[in-house]
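Spelled out, the chains give:
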Amino acid sequence: QVQLVESGGGLVQAGASLTLSCAASGRTFRSYAMGWFRQAPGKEREFVARISRSGDSTDYADSVKGRFTISRGNAKNTVYLRMNSLKPEDTAIYYCAADWVGGASTQQYTYWGQGTQVTVSS
C-alpha cells in the first residue's frame, strides 16, 4: 500500500506564496496518479489539481488555474503544490491523494494523507 504525508502548510498573508509537499512511500510512487484536494469548514472536499503518472499531464480547478502548479519530484518520492497569489478563500485543509487511475473527484482516489492546514489572512 501507499502512505502519504503532507507538509508545508501554515498562516500567510493574502498575495503570498506557499509550497506544499507530499511524501509517498511504498516504492511505487511513479506508478500512481496524484492529486491535491482541499476542504474548508462546513464544505465538501473539492478538487484542486492532479498530475499523471508520467508527470507530463496536469489539470487544475478553475479557481486556482494560473496561480497553483502541481509537479512531481520522483527522485525523492514527492509531489508538490506551488501556490502563488494566495487569497483568503484558499483557506482550507489540503489533502494529497494517490490512485492507479486518478481523476478530478474524491471517489477516484484510494490513498489519502492526513492533511495540512493552509490559512490565508486578508
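Structural notes, computed from the coordinates.

Conventions and cut-offs
Residues numbered from 1 in each chain as written. Predicted model: local features only at pLDDT ≥ 70, side-chain atom pairs only at ≥ 80, totals over all residues. Heavy atoms only, no water. Helix = DSSP H or I, 4+ residues; strand = E, 2+ residues; numbered from the N terminus. Rg over C-alpha atoms; globule rule 2.2 N^0.38 Å. Buried < 20%, exposed > 50% of the residue type's maximum accessible area, 1.4 Å probe, protein only. Contact = heavy atoms within 4.5 Å. Areas by Shrake-Rupley, 256 points an atom, 1.4 Å probe, with all protein chains shown as cover. Phe/Tyr/Trp six-rings, centres within 6.5 Å; stacked < 30°, edge-to-face > 60°. Pairing = 2+ DSSP bridges. Axes fitted to C-alpha atoms, helices over the stretch in contact; angles between N-to-C directions. Core = buried A, V, L, I, M, F, W, Y, C linked by side-chain atoms within 4.5 Å. Polar contact = N/O pair within 3.5 Å; in protein donor to acceptor, adjacent residues only side chain to side chain. Salt bridge = Lys/Arg side-chain N within 4 Å of Asp/Glu carboxyl O.

## Comments concerning the overall build of the protein
Consideration 1: For the protein, the helix and strand inventory stands at zero helices and 11 strands.
Consideration 2: Taken from the N to the C terminus, the helices and strands of the protein come in the order β-β-β-β-β-β-β-β-β-β-β.
Consideration 3: Computed over the C-alpha atoms, the radius of gyration of the protein is 13 Å, within 12% of the 14 Å expected from 2.2 N^0.38 for a compact globule of 122 residues.
Consideration 4: Seen along its three principal axes, the alpha-carbon backbone of the protein occupies a region of about 40 × 30 × 25 Å.
Consideration 5: Split into buried and exposed, the 122 residues of the protein put 42% on the buried side.
Consideration 6: Across the protein, every contact between residues at least 6 apart in sequence was considered, and the portion connecting residues at least 24 apart equals 58%.
Consideration 7: Accessible surface for the protein amounts to roughly 6,400 Å². Of this, 46% is attributable to carbon and sulfur atoms.

## Comments concerning the packing of aromatic side chains
Consideration 1: Taken as a whole and assessed by the stated rule, the structure comprises five aromatic pairs.
Consideration 2: Relative to W112, the ring of F37 has its centre 5.1 Å away and its plane inclined at 55°; by these criteria the two rings are tilted. With F37 in strand β4 (residues 33-39) and W112 in strand β10 (residues 111-112), the pair connects residues that are 75 residues apart, well separated along the chain.
Consideration 3: For F37, a relative accessible area of 0% corresponds to the buried category.

## Re the sheet that holds strand β3 (residues 18-25)
Consideration 1: Reading across the sheet, the four strands line up as β1-β3-β8-β7 and stay open at both edges, with antiparallel pairing between neighbours. Each edge of the open sheet carries a strand with a single partner, namely β1 (3-7) and β7 (68-73). In this sheet, adjacent strand axes meet at a mean angle of 15° when their direction is disregarded.
Consideration 2: Pairing analysis gives five bridges linking β1 to β3, with the strands arranged antiparallel. Paired with L4 across the strands is A24, a residue of β3.

## Here we look at the nonpolar core
Consideration 1: In this structure, M34, W36, L81, M83 and Y94 are the most contacted members of the largest nonpolar core, which totals 32 residues.
Consideration 2: Going through the elements one at a time, β3, β4, β5 (46-51), β7, β8 (78-83), β9 (92-99) and β11 (116-121) are the ones with two or more residues in this core.

## Some points on unusual backbone geometry
Consideration 1: One non-glycine residue, S85, adopts positive backbone phi at about 50°.
Consideration 2: You can see S85 is positioned in the loop between β8 and β9.
Consideration 3: Judged by relative accessible area, which is 41%, S85 ranks as partly exposed.

## Regarding the side chain of D90
Consideration 1: Here D90 lies in the loop between β8 and β9.
Consideration 2: Here R38 takes part through its side chain, which lies 2.9 Å from a polar atom of the side chain of D90.

## A look at the side chain of T78
Consideration 1: Among the secondary structure elements, T78 is positioned in strand β8.
Consideration 2: A polar atom in the side chain of T78 sits 3.1 Å from the side chain of Y80.

## Details of the pattern of salt bridges
Consideration 1: Per the counting criterion, the structure on display carries five salt bridges.
Consideration 2: Among the ionic pairs, D59 bridges to R50, the shortest N-O distance being 3.4 Å.
Consideration 3: Judged by its relative accessible area of 27%, D59 falls in the partly exposed class.
Consideration 4: For R50, a relative accessible area of 31% gives the class partly exposed.

## Notes on the environment of A104
Consideration 1: Position of A104 among the secondary structure elements: in the loop between β9 and β10.
Consideration 2: Along the chain, A104 and T91 lie 13 residues apart, while their C-alpha atoms are 20 Å from each other.

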